[in-house]
Amino acid sequence: MNYPNRKDTKNPNYKHGLFSIKKYCKVCKKILSDNRAIKCKQCYNKDRRIYKKKYLCIDCGISINHSALRCKLCFYKYNRRQNNPMFNRKGKLHPRYKVKHKELSKRKMSLSRGGTGIPYENNQYTHEYTSYLKNQIRNRDNYTCQLCKITEIDYGKILDIHHIDYNKENCQEDNLITLCHKCNIKVNKNRNYWKLYFIESLQRRKHYETVII
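Keep in mind it's a predicted model, so treat the numbers as computed, not measured.

Trainee: Got a minute to help me understand the nonpolar core in this structure?
Mentor: Most often, soluble globular proteins have nonpolar side chains that are buried together. Counting residues in hydrophobic clusters, the biggest one holds 13 residues, and the most contacted among them are Cys-145, Leu-147, Leu-179, Cys-183, Val-187, Trp-194 and Phe-198. Going through the elements one at a time, strand E6 (176–179) and helix H7 (191–212) are the ones with two or more residues in this core. Here the element with the most residues in this core is H7; it accounts for 3 residues. Beyond its immediate chain neighbours, meaning those up to four positions away, Phe-198 contacts His-162, Ile-164, Ile-177, Leu-179 and Val-187.

Have a look at this one:
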């Protein structure tokens, strides 16, 4: 009695340990060694890579496990910007409730914002350091960075005001100078060199203005 559906020696198509009926891969049409398979190893691994691909957040670029557009924190911020009443939560309902930053992250945040790496150093500014004084210094320097000479229009952002002697309580006009954000971060290293550099540049400008007058 023949058993055509069986996969052993009793099958009439069995010959030297292999079935005479050949099976092909669905994708690349190669001959398969295993008759129970549907795809070859290469095609199977390609599909597996596509299945395991990484999804990235649109706003911050962090990898996420699912195919959502944003991570949880960016999704919350986006809905807050859109004034969604479900996401205007405060207190214990807030997702960042009782979350504390580490000292290293605080240092990086202050450096990225033009600080010296000391957290909460902006609290040292006096009441004299107002927005009116900042605009006055920018107008004096023709709205250009005094180190890389980029204008505020080309930079696309408001320029920063830098204290030459790094003393934030000293808000005299001779001690203030306009810099872009990148140069303001750059100047935090080698402070003695940059202090002398900016003092000499201001003295040269004053001398040049007096000669012209």
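There is more to say after this.
Trainee: Teacher, can you tell me more about the state of the cysteines here?
Mentor: Disulfide: a covalent bond connecting the sulfur atoms of a pair of cysteines. Under the definition given, this model contains 0 disulfides. Cysteine Cys-145 shares no disulfide, and the gap to the nearest cysteine sulfur, in Cys-148, comes to 3.6 Å. Note on Cys-145: relative accessible area 0%, which makes it buried. Note on Cys-180: no disulfide assigned, nearest cysteine sulfur contributed by Cys-183 at a separation of 3.3 Å. On the accessibility criterion, Cys-180 (3% relative accessible area) is buried.

Trainee: Looking at this structure, I do not really get the side chain of Asn-175. What am I missing?
Mentor: Looking at the secondary structure, you find Asn-175 in the loop between strand E5 (160–163) and E6. Accessibility expressed as a relative area gives 7% for Asn-175, which makes it buried. Among the polar contacts listed, one links the side chain of Asn-175 to the side chain of Asp-165, at a separation of 2.6 Å. Separated by 2.9 Å, the side chain of Asn-175 and the backbone oxygen of Asn-170 make a polar contact. In contact with Asn-175, not counting residues within four places along its chain, are His-162, His-163, Ile-164, Asp-165, Asn-167 and Asn-170.

Trainee: Any chance you could explain the environment of Ile-38 here in plain terms?
Mentor: With respect to the secondary-structure elements, Ile-38 resides in the loop between strand E2 (18–19) and helix H1 (41–51). Residue class for Ile-38 comes out partly exposed when judged on its relative accessible area of 48%. Taking the C-alpha atoms as reference points, Ile-38 and Lys-23, separated by 15 residues in sequence, lie 8.4 Å from one another. Sequence-distant contacts of Ile-38, that is, excluding residues within four places in its chain, are made with Tyr-24, Cys-25, Lys-26 and Leu-32.

Trainee: Looking at this structure, I do not really get unusual backbone geometry. What am I missing?
Mentor: Negative phi values dominate among residues other than glycine, just as trans dominates among peptide bonds. You will see that Tyr-166, though not glycine, has its phi angle at about 65°, which is positive. Secondary-structure assignment places Tyr-166 in the loop between E5 and E6.

Trainee: Just to check I follow, could you spell out the pattern of salt bridges for this structure?
Mentor: Taken as a whole, this structure holds 5 salt bridges when the rule is applied. Asp-59 serves as the salt-bridge partner of Arg-70, at 3.0 Å between the closest nitrogen and oxygen. With Arg-70 in the loop between strand E4 (63–64) and helix H2 (72–81) and Asp-59 in the loop between strand E3 (55–56) and E4, the pair connects residues that are 11 residues apart, well separated along the chain. Taking the relative accessible area as the measure of exposure, Asp-59 reaches 41% and is therefore partly exposed. In this structure, the salt-bridge partner of Glu-200 is Arg-204, at a minimum N-O distance of 3.8 Å. Residue Glu-200 and its partner Arg-204 are both found in helix H7; the two are separated by 4 residues, about one turn of the helix. A residue is classified by how much of its surface remains accessible, and Glu-200, at 42% relative accessible area, is partly exposed. Classification of Arg-204 by relative accessible area gives exposed; the value is 54%. Salt bridges sharing common partners tie together Arg-140, Asp-141 and Arg-205.

Trainee: Just checking my understanding: could you explain the environment of Lys-195 for this structure?
Mentor: Position of Lys-195 relative to the elements: it lies in helix H7. Through-space distance from the C-alpha of Lys-195 to that of His-163 is 9.1 Å; in sequence the pair is 32 residues apart. Apart from residues lying up to four places away in sequence, Lys-195 is in contact with Ile-164 and Asp-165.

Trainee: Any chance you could explain helix H4 (residues 131–140) here in plain terms?
Mentor: Residues separated by three or four positions in an α-helix point in the same direction, a consequence of the helix having 3.6 residues per turn. For H4, every residue scored as buried is listed here: Leu-133, Ile-137 and Arg-138. Projected down its long axis, H4 shows its buried positions confined to an angular sector of 140°, all on one face. Seen from the open side of H4, the exposed residues pointing more than 90 degrees away from its buried face are Ser-131 and Tyr-132. Just past H4, the residue Asn-142 takes up positive phi, approximately 60°.

Conventions used here
- Residues numbered from 1 in each chain as written.
- Predicted model: local features only at pLDDT ≥ 70, side-chain atom pairs only at ≥ 80, totals over all residues.
- Heavy atoms only, no water.
- Core = buried A, V, L, I, M, F, W, Y, C linked by side-chain atoms within 4.5 Å.
- Buried < 20%, exposed > 50% of the residue type's maximum accessible area, 1.4 Å probe, protein only.
- Helix = DSSP H or I, 4+ residues; strand = E, 2+ residues; numbered from the N terminus.
- Contact = heavy atoms within 4.5 Å.
- Disulfide = S-S within 2.5 Å.
- Polar contact = N/O pair within 3.5 Å; in protein donor to acceptor, adjacent residues only side chain to side chain.
- Salt bridge = Lys/Arg side-chain N within 4 Å of Asp/Glu carboxyl O.
- Arc of directions from axis to C-beta.

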